[in-house]
Structures are given as C-alpha cells and as structure tokens.
Amino acid sequence: MRPTNVADPTYFHKVVDCQWACPAHTPVPEYIRLIGQGRYDDAYMVNWVSNVFPGILGRTCDRPCEPACRRGRVEDHNAEKPEPVAICRLKRVAADFKGEDVRARMPRPEPRNGKRVACVGAGPASLTVARDLAAQGYAVTVFDGEKKAGGFIRTQIPRFRLPESVIDEEVGYILSLGVEFKSGQRVDSMKALLAGEMGGRYDAVFVGSGAPRGRDLKAPGRDEAAAQIHIGIDWLASVSFGHVTSVAPRVIVLGGGNTAMDCCRSARRLGASDVKVVVRSGFDEMKASPWEKEDAMHEGIPILNYHVPKAFELEAGRLVGMRFELVEARFDDKGQRSLVPTGAPDVVLPCDEVLIAVGQENAFPWIEPDCGLAFDRWGLPVVNPKSFQTVLPNVFFGGDAAFGPKNIITAVAHGHEAAVSIDRHLHGDAVELRPPPHVNLMSQKMGIHEWSYDNAVSDDLRSKVPWTEAQKALASIKVEVELGFDAATAFKEAQRCLNCDVQTVFTDKLCIECDSCVDICPMDCISFTDNGDEADLRGRLNAPANQLAQALYVSGPLKTQRVMVKDEDVCLHCGLCAERCPTGAWDMQKFLLITTKAGPMCRGSKSRREEAAAS
C-alpha cells in the first residue's frame, strides 16, 4: 500500500466518526471537551456555527453521530449494552447552561451589499440560509404562512419534547440579524415571486417549504369514517396550535416513523386511555429512532408489528375498529424481503380514532408548470445534489423540499451548502466548485508526560437523562418529559468521550522500530510488518482490521523496509503510543475541521465567464 496521505482533510475527518456522520459536520469532540471544562458559552457557539439550533437539536436530533461513536465499538462487549457518548444530550447541556453572553458573540451583519434573497418557508433549511447570508450583508426575506417562524420544528414536534420558548429563542437569534420575516404570507405563485410581485425582485430564491403533505391510507371505510380519521402531521399541527385539545378513549396510530411516535405520545397526553401503534413491517425495520420507540413503550404504548391494514370497521356509520391481516417477512435468494400472509385469521382492533402517520411527501401546488423549473417522475424538483441549484440558475432548493423527508440536521446541512452556492452565484463564481474546509493539526504535547487534553479512558456506563415524574408528564401536552443533565452528570458524560479528533500522527523518519508503541497499545491496533496490498495487510496485523469503511494508516518504508500500519477503527486515542515513544515519532495532534460557510472564504475560484474565456 502507498503511504497514507494525511494532508488530505478527509482522512482524519473520517477518523472523527461522530463529526463525519453529522450532516452538518459539527466538531463534536471539541464542544464536548468545552462542556467538560464548564465553558458552556464556547460549547454553544461551536454548535451554533455548525448546526444553528443547539437547544432544539439537543432535544430532537435524529443523532446520526451516536451510532457512529467509537465508544460503542471499543467498550467491553460483555457489558450489558455498550453505548455511545450521549452526544445529543450534551448538546442540550451547552444550550441549557450558556449565559447571556452568547448574544454578544453572534455575528454583526456586514453592510448591505445590494443583493436580495427570498426564502420560501420558515423551516430549518430556510432559516439556516437566512442566518448565513444575512450576516454577509444580504437582504433576506423569509415568507411563511404561519404567524411564527420555525416550520415543522414548531408545528410537528410536540411541546413535551420541545418547549416553544426554546424555538422562540433560537429562531430569534436568526431574525435579529436583520432577516425580514413575512409572517402569515404564503407564497402562492412562483411566477409572481420571480416577477417581483411579492415585494420587489429578488436576486435569488431559496425554497425550503418542506414536505407538507401527509400520505393517506385508502381502505374500505376510509371515506365514511373521515371525521374520526386524521393525517398525522396535520393532527400534530392542530394540537400545536391548540385546535385539538382532546381525543377519543381508544386510538390507533398507523406508521412506524418518528411522526407516529409523536402522535401516539400526544394522544396519550390528550386523554386517550388505550393507544396502540400498528406497523406493517417488523419492529427493527421501523423508521423511528430506537429511543423514540423506547420512549413510547416506556409510557405504556404497545407497538404491534406485521399487521397490514385491510379496512376501517364501522357500525351505524361510526368508526369502531380496524381490520388487519397478519403477515411475516420472507427473504429470497437475493436477500429481498417480502411480506407474506401467515394464513391466520384477520385481527380486529377496536378504536374510536385513527391517526395515519405512514409517511410524508412533497407538494408544490404553488409552483406553476411553466415557470421554468423541472420536476422528476416522483414530483421532486430537479436539483444539483451538491450545489442545490435548479435548472433556473437563481432558484435553489433544500431540506425536505429538495429530496424528500429527512430530519432537522440534514435540512441545516442543506441550508449551509445552498447559502454557499447562492453567495458564489451572486458573485459570479461557479457554484459547482465547493471550497475546501478550514483544517488544522496542532500538537497537544506540553511536556514529557503532559498533554493539553484529558483522555482517561474509563468503563463508565452512559448517563441516564432524568425524566419528569410520569403522572405529571402524562397529564399535560406541554410538560417537558426530559429534564436534561445537571452540571455534574454532564461532566461525567463528557469524560466518556474518547477525543477522536486528537489524532495519532506518525513521522516515519523518527521511528527506530523499538516496538514500544506496539507493546503498550491496549487495542493491538499498531503493527510493524512487511508491506502488501490492503486485503493482505488487513489479515496480517496484530489484530485483524475487518472494518473496511475505515482506512488503514500506513507509513512510508522504515529502516528495515517494514511499514507501520495502524487500524484507525478501534484506536482509543489514549496517547500511550506517543507517551512511550522515545524519539517522538508518535504525536497527538488535535484535528479541527470547519466546513466553509457563505462569505469571503467561500468565494474566489474561477467564474463561469472566466472559465468560458479560458477555454
């Protein structure tokens, strides 16, 4: 194998598993260390730069970082349940314990640059675009049909998970940058917006209107019992706005996603005594996050799987139950799954109301077919997946509106990238070219046996987040269930982080091949061996490196012509190799990657006009 190119930012970025997995590439270990030091304001701002909504995401994020966390791979697998660091809940700690000083640390907008940008929808993608561009001097106007900004963050997430005060605060930070919010003003025509009939002409338009239409379930009895059957996302919005304050005693929720979990838990709080979630797939195949399923079951809500809806049962024109066919999963020779009837008699579950949460889809009734935009056969806009630009150069899409329903952190990531594209486009730069991130490596060595970071690897189990007393929590839709960590628990949980961003950096010219690092490594992840192709090397290491998704760290030839090979996948970043090394061939260097945002740093590459002239 060739020596690893550690100058390539993606190499060490991928070693920081949590940051690599985060769509917005938040520097997770960086802010966790700051929390451990009690520097909550600093930790909040690290988050705010990357993910924009630390307090909101600290309660509601889908947490793609946590399954990737190294802690879940290297703990003793004989333990009860190896678990990742509670990254999401530590993010909330930064929000809960920050001081008022963070307002003073928000950027002051640059003087207006004469460019105007319209954002359609006030959800997380649009608000991210607005925040990034307003700070750079753009006049940004956000249109939304609701009175308050926030989009589905405000209308779909129940208050027992996300208090409205948190939304108001973090949305307020963005609007205070000089963003104009047109509340209660829905965009009904793309042609009118592009023609300047909604407050003048805009140099660019960003569409972040989400996936606002919930899928229905057509089955016998659906139309006759329409008054007792509701689309989940619409019902949650009605609950959020106070239009729905109670439910019938017996409720069935159809669907296996996070919306279904919000529906069932909301119904429980609005007075339903019998709530069931029914899914057609297996329990493990449900799209809901594992913790969302656990929370629902913790509140006494059963989840019935492999039940396929057949009909709504009525008596005297009123809904009294649902009929389901029992199925099982079977796999063919290619591993393709199909649901096959078991032959058992249909099951009838009694109910008085049904909430349908079987998915969401995009809807653009306000975009005229002849406005110049193109859509695919699924009704999604044709969008460049890297630049988020459409076939109309000044129109961009992001969030659920671009590629279908995802989650908040993905919408934020889209917003950042779209803002870069808009900024480049309006400065004449090619939007397809993505500026590289800001990266640095800095040694953490302070003395012979002293480092600037603490990495005392422990076997401490993941800390549990305290909950409000069940009787109180279930009595009101507005009582927040999770209380968050206190400072002492936050410190203890922060200590579980393995500091994966503090990289083990090897200098082959300094190595004397004494094997001290091999002897002391607790994970046997360092080997000195003859070179070979990757498949051969992976099988000849002190501990076989079976995780092919994580690259091997391979040095140049040493004095004996052997090479150093390190398995990055299970390294604890404990620093023992660097501490033991007598020549300093090993060093612990903090890797910091910050993705490029809109502004001067994202501009400057050749424009389309310059490229055309050069060709």
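Being a predicted model, the structure only gives us computed values, none of them experimental.

Draft legend 1. The arrangement of the overall build of the protein chain in detail. Helix and strand counts for the protein chain stand at 24 helices and 24 strands. Scaling as 2.2 N^0.38, a compact globule of 615 residues should have a C-alpha radius of gyration of about 25 Å, and the protein chain matches this with 27 Å. Its C-alpha atoms give the protein chain principal-axis dimensions of about 90 × 65 × 55 Å. At a minimum sequence separation of 6, the contacts of the protein chain that also span at least 24 residues come to 72%. Only carbon and sulfur atoms are counted for the fraction: they give 52% of the accessible area of the protein chain, which is about 26,800 Å². Averaging the coordinates of the 73 positive side-chain charges in the protein chain and doing the same for the 82 negative ones gives two points 3 Å apart.

Draft legend 2. Up close: the environment of C65. Topologically, C65 is positioned in helix α6 (residues 65-68). C65 gets classed as buried once you look at its relative accessible area, which sits at 8%. With 49 residues separating them in the primary sequence, C65 and V16 have C-alpha atoms 10.0 Å apart. Aside from chain neighbours lying at most four places away, what touches C65 is C18, A21 and I87.

Draft legend 3. Quick peek at the packing of helix α3 (residues 28-36) against helix α4 (residues 40-51). Two elements in contact, α3 and α4, have axes whose closest approach is 8 Å; the angle formed by their N-to-C orientations is 165°. In this view, α3 runs roughly antiparallel relative to α4, as classed from their interaxial angle. Of the two possible hands of crossing, α3 and α4 adopt the one that is left-handed. Of the residues in α4, those in contact with E30, Y31, L34 and I35 of α3 are Y40, D42, A43, V46 and N47. Classifying every residue of the contact of α3 with α4 by side-chain character gives 6 nonpolar, 1 polar and 2 charged.

Draft legend 4. Structural detail: the nonpolar core. Grouped together as the largest cluster of nonpolar side chains are 64 residues, with contacts concentrated most on L133, V140, M190, L193, F397 and I422. Per element, the largest residue contribution to this core is 7 residues, and it comes from helix α18 (residues 408-425). For V140, the residues in contact, after removing those within four places along its chain, are V117, C119, A130, L133, A134, V179 and E180. F12, A86, Y173 and V570 belong to the second-largest nonpolar core, a separate cluster that totals 62 residues.

Draft legend 5. Examining the pattern of salt bridges more closely. One pass over the structure, following the stated rule, counts 46 salt bridges. Among the ionic pairs, E66 bridges to R63, the shortest N-O distance being 3.8 Å. Note that K182 and E180 form a salt bridge whose closest N and O atoms lie 3.3 Å from each other. Looking at K182, the relative accessible area reads 25%, which means it is partly exposed. Assessed through its relative accessible area of 37%, E180 is described here as partly exposed. Within the structure, one salt-bridge network assembled from shared partners comprises D17, R70, R73 and D569.

Draft legend 6. Representation of the sheet that holds strand β22 (residues 552-554) within the structure. Strand order across the open sheet formed by 3 strands is β21-β23-β22, with antiparallel pairing between neighbours. Edge strands, defined here as strands with exactly one partner in the open sheet, are β21 (526-529) and β22. Pairwise comparison of adjacent strand axes, ignoring direction, gives a mean angle of 25° for this sheet. The pairing of β22 with strand β23 (residues 563-567) spans 3 bridges and is antiparallel. Looking across to β23, one finds that V554 is bridged to V565.

Draft legend 7. Spatial organisation of the environment of E100. With respect to the helices, strands and loops of the structure, E100 is situated in the loop between α8 (87-97) and α9 (101-105). When its relative accessible area of 65% is taken as the criterion, E100 is described as exposed. Taking the C-alpha atoms as reference points, E100 and H298, separated by 198 residues in sequence, lie 36 Å from one another.

Draft legend 8. Structural detail: the sheet that holds strand β2 (residues 139-143). Strand order in the open sheet formed by 5 strands is β3-β2-β1-β4-β16, with parallel pairing between adjacent strands. Taken across any chain shown, the strands that pair with only one partner, and hence form the sheet edges, are β3 (180-182) and β16 (395-397). Strand-to-strand twist across the sheet, computed as the mean angle between neighbouring axes with direction ignored, equals 20°. Note that β2 and β3 share 3 bridges and pair parallel. Its bridge partner lying in β3, V142 is registered against F181. Across the face of the sheet, helix α10 (residues 124-134) comes into contact with β1 (116-120), β2 and β4 (204-207) while running at roughly 165° to β1.

Draft legend 9. Seen up close, the state of the cysteines. This model, assessed by the stated rule, comprises 0 disulfides. Between C264, a free cysteine, and C263, which holds the nearest cysteine sulfur, the sulfur-to-sulfur gap is 7.7 Å. The exposure class of C264 is buried, given its relative accessible area of 0%. No disulfide involves C602; its sulfur sits 16 Å from that of C119, the nearest cysteine.

Draft legend 10. Representation of the pairing of β4 in the model. Side-chain alternation along β4 places A204 and F206 on one buried face and V205 and V207 on a second face that is also buried. As paired strands, β1 and β4 are joined by 4 bridges and run parallel to one another. Counterpart to V120 in the pairing with β4 is V207. In this sheet, β16 lies alongside β4 in parallel orientation, the contact comprising 3 bridges. Looking at the pairing, V205 lines up with V395 of β16.

Draft legend 11. Structural detail: unusual backbone geometry. Even without being glycine, H25 reaches a positive phi, approximately 55°. Inspection of the secondary structure puts H25 in the loop between α2 (17-21) and α3. Judged by its relative accessible area of 23%, H25 falls in the partly exposed class. Its identity as a non-glycine residue notwithstanding, F388 has a phi of 65°, on the positive side. As for its position among the elements, F388 is in the loop between β15 (360-361) and β16. Residue F388 is classed as buried on the basis of its relative accessible area of 4%.

Reading the values: rules and limits
- Residues numbered from 1 in each chain as written.
- Predicted model: local features only at pLDDT ≥ 70, side-chain atom pairs only at ≥ 80, totals over all residues.
- Heavy atoms only, no water.
- Helix = DSSP H or I, 4+ residues; strand = E, 2+ residues; numbered from the N terminus.
- Rg over C-alpha atoms; globule rule 2.2 N^0.38 Å.
- Contact = heavy atoms within 4.5 Å.
- Areas by Shrake-Rupley, 256 points an atom, 1.4 Å probe, with all protein chains shown as cover.
- Lys, Arg positive; Asp, Glu negative; His and termini not counted.
- Charge placed at Lys NZ, Arg CZ, Asp CG, Glu CD.
- Buried < 20%, exposed > 50% of the residue type's maximum accessible area, 1.4 Å probe, protein only.
- Axes fitted to C-alpha atoms, helices over the stretch in contact; angles between N-to-C directions.
- Parallel < 35°, antiparallel > 145°, perpendicular 65-115°, else oblique.
- Left-handed = near helix turned anticlockwise from the far one by under 90°.
- Nonpolar A, V, L, I, M, F, W, Y, C, P; charged D, E, K, R; others polar.
- Core = buried A, V, L, I, M, F, W, Y, C linked by side-chain atoms within 4.5 Å.
- Salt bridge = Lys/Arg side-chain N within 4 Å of Asp/Glu carboxyl O.
- Pairing = 2+ DSSP bridges.
- Disulfide = S-S within 2.5 Å.

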